[in-house]
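Here are the chains, one letter per residue:
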Amino acid sequence: ETGVTQSPTHLIKTRGQQVTLRCSSQSGHNTVSWYQQALGQGPQFIFQYYREEENGRGNFPPRFSGLQFPNYSSELNVNALELDDSALYLCASSSSAGGGADTQYFGPGTRLTVL
Amino acid sequence: AQSVTQPDIHITVSEGASLELRCNYSYGATPYLFWYVQSPGQGLQLLLKYFSGDTLVQGIKGFEAEFKRSQSSFNLRKPSVHWSDAAEYFCAVGRPNFGNEKLTFGTGTRLTIIP
């Protein structure tokens, strides 16, 4: 069974640029959630995708957007990067949404540095 | 809105000693509760979870946690720590009946093990 994978591992961008982060969900999982973890903090929920639709969103501006594909992989896009966007971005996959005791399994993360 | 408090930012324990990491939550009903561990620069690994039933839950690596509704707590324990347990530990709350779409994390407790 393949776990959650993310790419790239590290990324350096400059202010104002755009970035795309990718996540492949664990086999058998149909739901992907994205989290931002700033240095020294706990992860903060960005949004979740279930069956290619956004299924919940945290307190992040619209320049954070996402996609989920038919194979349940997902992308996180961030436009107009700001210095405060520097963080570890974590993807988590789970099975089912809309009720039920589903557990989120995390990938290794993408470390984004904005200069 | 749900919230999680981990009162101890940093704990130092001798190898072989017992460990208890504190977690208090705020939620209107019984939440789903999780403990995750994060090694430096890595993603989150699930240690254990509570959804319902027996309030003492067993996890991986010899960890256990006890849900105490009256105290709104979900403390993590281990009878004898190993040097490999040094890491950051996060308690998280999920919302039943909302597809568990959002996990709210505490700020983490960093565990240092001394010989």
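All of these numbers come straight from a predicted model, not from anything done at the bench.

Asker: Please clarify how the overall build of chain A should be interpreted in this entry.
Answerer: In terms of helices and strands, chain A carries zero helices and eleven strands. The C-alpha atoms of chain A give a radius of gyration of 13 Å, which matches the 13 Å a tight globule of 115 residues would have. The C-alpha extent of chain A, read off along each of the three principal axes, is 40 × 25 × 25 Å. Here the analysis covers contacts within chain A between residues at least 6 apart in sequence; of these, 54% occur between residues at least 24 apart. Of the roughly 5300 Å² of accessible surface on chain A, a fraction of 47% belongs to carbon and sulfur atoms. Here chain A carries 7 positive and 9 negative side-chain charges, and the mean point of each set is 8 Å from the other.

Asker: What am I meant to see in the interface of chain A and chain B here?
Answerer: For an interface, size is often stated in terms of accessible area lost upon the parts coming together. Each partner contributes to the interface: chain A provides 25 residues, whereas chain B provides 21 residues. Counting each side, the surface lost to burial between chain A and chain B is near 1700 Å², with a carbon and sulfur contribution of 55%. At the boundary of chain A and chain B, one finds zero salt bridges. On the surface where chain A and chain B come into contact, there are five residue pairs in polar contact (both at pLDDT 80 or more). Broken down by secondary-structure element, the contributors of at least two residues to the side of chain A that touches chain B are strand E4 (31-37), strand E5 (44-50), strand E6 (53-57), strand E9 (87-94) and strand E10 (105-106) of chain A. Here the side of chain A that touches chain B is built from residues that sort into ten nonpolar, 14 polar and one charged.

Asker: Looking at this structure, how should I read the pattern of salt bridges?
Answerer: This structure, assessed with the given rule, holds eight salt bridges over all chains. The residue B:Arg22 makes a salt bridge to B:Asp8 at a minimum N-O spacing of 2.9 Å. Of the two residues, B:Arg22 sits in the loop between strand E3 (19-21) and strand E4 (24-26) while B:Asp8 sits in the loop between strand E1 (3-5) and strand E2 (10-14), which places them 14 residues apart along the sequence. Put simply, A:Arg63, A:Glu82 and A:Asp85 are held in one network by salt bridges that share partners.

Asker: It is not clear to me how the state of the cysteines should be interpreted in this structure. Could you clarify?
Answerer: All names here are of chain A. Taken as a whole and judged by the stated rule, the model has two disulfides over all chains. Linked covalently through their sulfurs, Cys 23 and Cys 91 form a disulfide whose S-S length is 1.7 Å. Here Cys 23 and Cys 91 share a disulfide; its torsion about the S-S bond, -55°, makes the bridge left-handed. In this pair, Cys 23 sits in strand E3 (residues 19-24) while Cys 91 sits in strand E9, placing the two residues 68 residues apart along the sequence.

Asker: Teacher, can you tell me more about the sheet that holds strand E8 (residues 74-78) of chain A here?
Answerer: Backbone-to-backbone hydrogen bonds pair the strands of a sheet. The strands run either parallel or antiparallel. Residue and element names in this part refer to chain A. Here we have four strands laid out as an open sheet, ordered E1-E3-E8-E7, and antiparallel in their pairing. Each edge of the sheet is formed by a strand with only one pairing partner; in this case those strands are strand E1 (5-7) and strand E7 (64-68). The mean inter-strand angle of the sheet, taken between neighbouring strand axes irrespective of direction, is 20°. Pairing between E1 and E3: three bridges, direction antiparallel. Along E3, the bridge assignment pairs Ser 7 with Arg 22.

Asker: How should the pairing of E2(B) be read in this particular structure?
Answerer: The side chains of a regular strand alternate between both faces of the sheet. All names here are of chain B. The alternating pattern of E2 places Ile 11 and Val 13 on a buried face and His 10, Thr 12 and Ser 14 on a face that is not buried. Summarising the sheet, E2 and strand E12 (residues 109-114) pair through five bridges and their orientation is parallel. Considered in E12, the bridge of Ile 11 is made with Leu 111.

Asker: In this structure, what is going on with the pairing of E5(A)? I would like to understand it.
Answerer: Residue and element names in this part refer to chain A. Across the seven residues of E5, six count as buried, placing the element largely inside the fold. As paired strands, E4 and E5 are joined by six bridges and run antiparallel to one another. Along E5, the bridge assignment pairs Trp 34 with Phe 47. Here E4 folds back onto E5, and the loop between the two strands holds six residues, one of which, Gly 40, carries a positive phi near 80°. The pairing of E5 with E6 spans three bridges and is antiparallel. Bridging across to E6, Phe 47 finds its partner in Arg 57.

Rules and cut-offs
Residues numbered from 1 in each chain as written. Chains lettered and ligands numbered in written order. Predicted model: local features only at pLDDT ≥ 70, side-chain atom pairs only at ≥ 80, totals over all residues. Heavy atoms only, no water. Helix = DSSP H or I, 4+ residues; strand = E, 2+ residues; numbered from the N terminus. Rg over C-alpha atoms; globule rule 2.2 N^0.38 Å. Contact = heavy atoms within 4.5 Å. Areas by Shrake-Rupley, 256 points an atom, 1.4 Å probe, with all protein chains shown as cover. Lys, Arg positive; Asp, Glu negative; His and termini not counted. Charge placed at Lys NZ, Arg CZ, Asp CG, Glu CD. Buried area = accessible area lost by both parts, 1.4 Å probe. Salt bridge = Lys/Arg side-chain N within 4 Å of Asp/Glu carboxyl O. Polar contact = N/O pair within 3.5 Å; in protein donor to acceptor, adjacent residues only side chain to side chain. Nonpolar A, V, L, I, M, F, W, Y, C, P; charged D, E, K, R; others polar. Disulfide = S-S within 2.5 Å. Pairing = 2+ DSSP bridges. Axes fitted to C-alpha atoms, helices over the stretch in contact; angles between N-to-C directions. Buried < 20%, exposed > 50% of the residue type's maximum accessible area, 1.4 Å probe, protein only.

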